[in-house]
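Residue-level structural notes
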Amino acid sequence: MTAPKTIDAPYQPPRIFGPEYRTASLGILLVVTLIAFEGMSIGAIMPAASAELNALNLYGMSFSAFLIAGLFANVAAGLWSDRRGHPTPFLVGVALFVVGMFLAGAASSKEVFIVARAVQGLGGGFAVVAIYVMIARVYAPAARPKIFAGLSAAWVLPALVGPGIGGFVAQTVGWRWVFYGIIPLVIPALVMLLPALRGGGGPGREGAPAPATGPRSRPLPMTLAALGTAVGAGVLLYGADQLHSAPVRGGVLSAAGLLALAVGLPRLLPRRALRFGRGLPTTVMMRGVLSAAFFGVNSFIPLVLQKEFGFTLTEAGIALTVGAIGWSSGSYLQAHREWDRPKLVRFGAAAVTGGILLTALAMVPGLTGWIMAPAWILAGLGMGVGMSSVSLTTMRQSPDAEQGANSAALQVVDTLGSSLTIGFGGVLVNLIGHDDIGTGFLSIVAMTAAIGALGVVVAGRMRDTA
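Residues numbered from 1 in each chain as written. Predicted model: local features only at pLDDT ≥ 70, side-chain atom pairs only at ≥ 80, totals over all residues. Heavy atoms only, no water.

By the naming in an unreviewed UniProt entry, the chain goes by MFS transporter and is assigned to Planobispora siamensis. According to its UniProt record, the chain has this under Subcellular location (unreviewed entry): "Cell membrane". (UniProt positions renumbered as here; feature names shortened; annotations may be inferred.)

What follows is the structure, encoded as C-alpha cells:
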C-alpha cells in the first residue's frame, strides 16, 4: 500500500490559531488589546484627569498629542520595516508605549500629561505599523481576513469593558491606575511574539521582499515629510485653539500649520491620494475618513454625557462601550464570506454617518442621553465592516516591497484624521464655551457627519477600474 500523495490531501483552510500561527496570533491580539484598552479607557477617565490637572482647555489636545506623535512613528516604522524588517520597530514601539503609560500615571501637570500621551503615541505608532507588516509577511493571504477580524475583535473586549472599568478605577483608586495597570501585561505578549519576531517569513510566504525603490522608500525625505506633517498638524491645532483668545497669533499659527501639512502630507501617501484617485489612493484615504468621522464624536461622548446629563464616569463609559457590539458584529460579517469591498466600505461610511446623526437626538429636550447607546452600535457596525475591508484591499493593491509604506500611509491618514477632528472638536467646545457643552457637541456632530457623507460618495473609487 502506498502513502497518499500530497495532491490528494483535502485542502485545509489556514487557521490563525492553528499550530503554525497560534503564538503569533495570540501575541498580536494581546498587544492590540492593550493598546485598545488604553484608547477606550482614556475617553472615560479624561474628565477626571483634566479636572485634577486643570486641563479642560486642553481636552482635545490630550487626544491629539497621542495621535500626532503616532503619525510620525507610523512613517518611521513603515520605512524601517520595508528596509530592515518588522521586529525592531515593533520592540521599540512597545518600549515607548510602556514608558508613556508610566509617565501619564505619574503626571503632576497637564504639560507632563500631554508629553506622556505623545510618548504613548510614538509607541503605538511604531507597534501598529510593524504588526501590519508582520501580518503581510507571516500570514498566508487566505488567513489575512481572519487575522484582521481578530484585530477588530481585539478591540471588542476593551471597548466593552474598558470605559466601564476605566471609569470605575478612576472613581475608586484613581485614574492614574488605569495607566499603571496595563504595564505588567506587556511581557506575556512579547514572549508569545518571539517566533514571529525572529523570522520575517512564515507559512505561505517565500522569503523577504526586494527592497522598495519608489519615492516613499527614501529615509531622509520621508522622515522630514513625516516630521513636517506631525508638527504642522500640532501647530494647526494649537493655532486654532488660540483663535478665541488671541485671534492674530492663532491665525498665523494656523496658516503655518496648514502650509507644513500641504508640503509634507502628499509625500507620505500614494500619488493622487488627496484627490481620491482611483484604486489604492482612495482605499488609503477611506481609512482616514472613517476614523475622522467616528473618533471625532467618540472622544466627546463621555464629556457631554457627564456635563449635560449628569452621568457618572462609569455610566458614561458604559454608554460609550456599546459601540463595540456593532464593531464586533461588522468585523465578524466581513470575515465570513466574500464581499464586494468598495460596496462594504460605502455601507460602513453610511452606518457611521447615521450613528453620528442619531447621537444628536440626545440634545432634544426631554430625551435621554442613553439614546447615544444604540446610535453608537450603528456607528460601530460601520467601523467593523469598513476598517477591515480597507486594510484587506490595501494589502491586495500593494506590491510586497511597499507593504510597509502603504501600512504606514493607512496609519498616517487614520491618526491625522482622528487627531484633526478631535482637536477641532476641542476648539469648538472652547469657542462656544464650557458652560454650553451640548451646543459644542452638536457642532462636532455636524462636522463629522459631513466627513462621513464624503466617504459614502467616494467609496466606489476604491476600485482599480471604473
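**What to know about the overall build of the chain**
In terms of regular secondary structure, the chain is built from 18 helices and 0 strands. Classification of the 466 residues of the chain by burial places 59% in the buried group. Once local pairs closer than 6 in sequence are excluded, the contacts in the chain between residues at least 24 apart make up 83%. Within the structure as shown, the chain displays about 18500 Å² of accessible surface, and the carbon and sulfur contribution to it stands at 68%. (Helix = DSSP H or I, 4+ residues; strand = E, 2+ residues; numbered from the N terminus. Buried < 20%, exposed > 50% of the residue type's maximum accessible area, 1.4 Å probe, protein only. Contact = heavy atoms within 4.5 Å. Areas by Shrake-Rupley, 256 points an atom, 1.4 Å probe, with all protein chains shown as cover.)

**Describing the packing of helix α11 (residues 280–298) against helix α16 (residues 372–397)**
Relative orientation of the contacting elements α11 and α16 amounts to 155°, with a least axis distance of 9 Å. It follows that α11 is roughly antiparallel to α16 by the angle criterion. Handedness of the α11/α16 crossing: left-handed. Packed against α11, whose contacting residues are Leu280, Thr283, Met286, Arg287, Leu290, Ser291, Phe294, Phe295, Val297 and Asn298, the element α16 presents Trp376, Ala379, Gly380, Met383, Gly386, Met387, Val390, Ser391, Thr393, Thr394 and Gln397 at the interface. Classifying every residue of the contact of α11 with α16 gives 11 nonpolar, 9 polar and 1 charged. (Axes fitted to C-alpha atoms, helices over the stretch in contact; angles between N-to-C directions. Parallel < 35°, antiparallel > 145°, perpendicular 65-115°, else oblique. Left-handed = near helix turned anticlockwise from the far one by under 90°. Nonpolar A, V, L, I, M, F, W, Y, C, P; charged D, E, K, R; others polar.)

**Details of the side chain of Thr393**
Tracing the chain through its elements places Thr393 in helix α16. Since its relative accessible area comes to 3%, Thr393 is described here as buried. What Thr393 contacts, discounting residues up to four positions off in sequence, is Thr283, Arg341 and Met462.

**Looking at the packing of α11 against helix α18 (residues 437–458)**
Between α11 and α18, whose axes approach to 8 Å, the crossing angle comes to 160°. Our classification of the angle between α11 and α18 gives roughly antiparallel. Both α11 and α18 take part in a crossing whose hand is left-handed. In this structure, α11 uses Thr282, Met286, Val289, Ala292, Ala293, Gly296 and Val297 to contact α18, whose residues at the interface are Phe441, Ile444, Thr448, Ile451, Gly452, Gly455 and Val458. Partitioned by chemical class, the residues of the contact of α11 with α18 number 9 nonpolar, 5 polar and no charged.

**Digging into the side chain of Gln120**
In this fold, Gln120 is placed in helix α4 (residues 110–138). With relative accessibility at 0%, the residue Gln120 sits in the buried group. Those residues in contact with Gln120, other than ones at most four positions away along the chain, are Glu38, Phe66, Phe97, Gly100, Met101, Ala104 and Phe179.

**Remarks on the pattern of salt bridges**
Within this structure, the stated rule accounts for 3 salt bridges. Notably, a salt bridge pairs Arg287 with Asp414, separated by 2.8 Å at the nearest N-O pair. Of the two residues, Arg287 is situated in helix α11 and Asp414 in helix α17 (residues 403–432); the sequence distance between them amounts to 127 residues. The exposure class assigned to Asp414 is buried, which follows from its relative accessible area of 11%. Arg463 is the partner of Asp340 in a salt bridge, and the nearest nitrogen-oxygen pair spans 2.9 Å. Here Asp340 is found in the loop between α14 (323–335) and α15 (341–359), whereas its partner Arg463 is found in the segment after α18, with 123 residues between them in sequence. Its relative accessible area of 31% is what places Asp340 among the partly exposed residues. The exposure class of Arg463 is partly exposed, given its relative accessible area of 31%. (Salt bridge = Lys/Arg side-chain N within 4 Å of Asp/Glu carboxyl O.)

**Describing the environment of Met286**
Within the element layout of this structure, Met286 appears in helix α11. When the C-alpha atoms of Met286 and Met462 are compared, they prove to be 8.5 Å apart, with 176 residues separating the residues in sequence. In this structure Met286 touches Val345, Ala349, Val390, Gly455, Val458, Ala459 and Met462, once residues within four positions along its chain are discounted.

**Quick notes on the nonpolar core**
The biggest cluster of nonpolar side chains holds 118 residues, and the ones touching the most others in it are Ile28, Phe90, Phe113, Ile135, Tyr139 and Trp175. Top contributing element to this core by residue count: helix α1 (residues 22–52), with 13 residues. Not counting chain neighbours up to four residues away, the residues in contact with Phe90 comprise Val31, Ala127, Ala130, Ile131, Met134, Leu190, Leu193 and Leu197. (Core = buried A, V, L, I, M, F, W, Y, C linked by side-chain atoms within 4.5 Å.)

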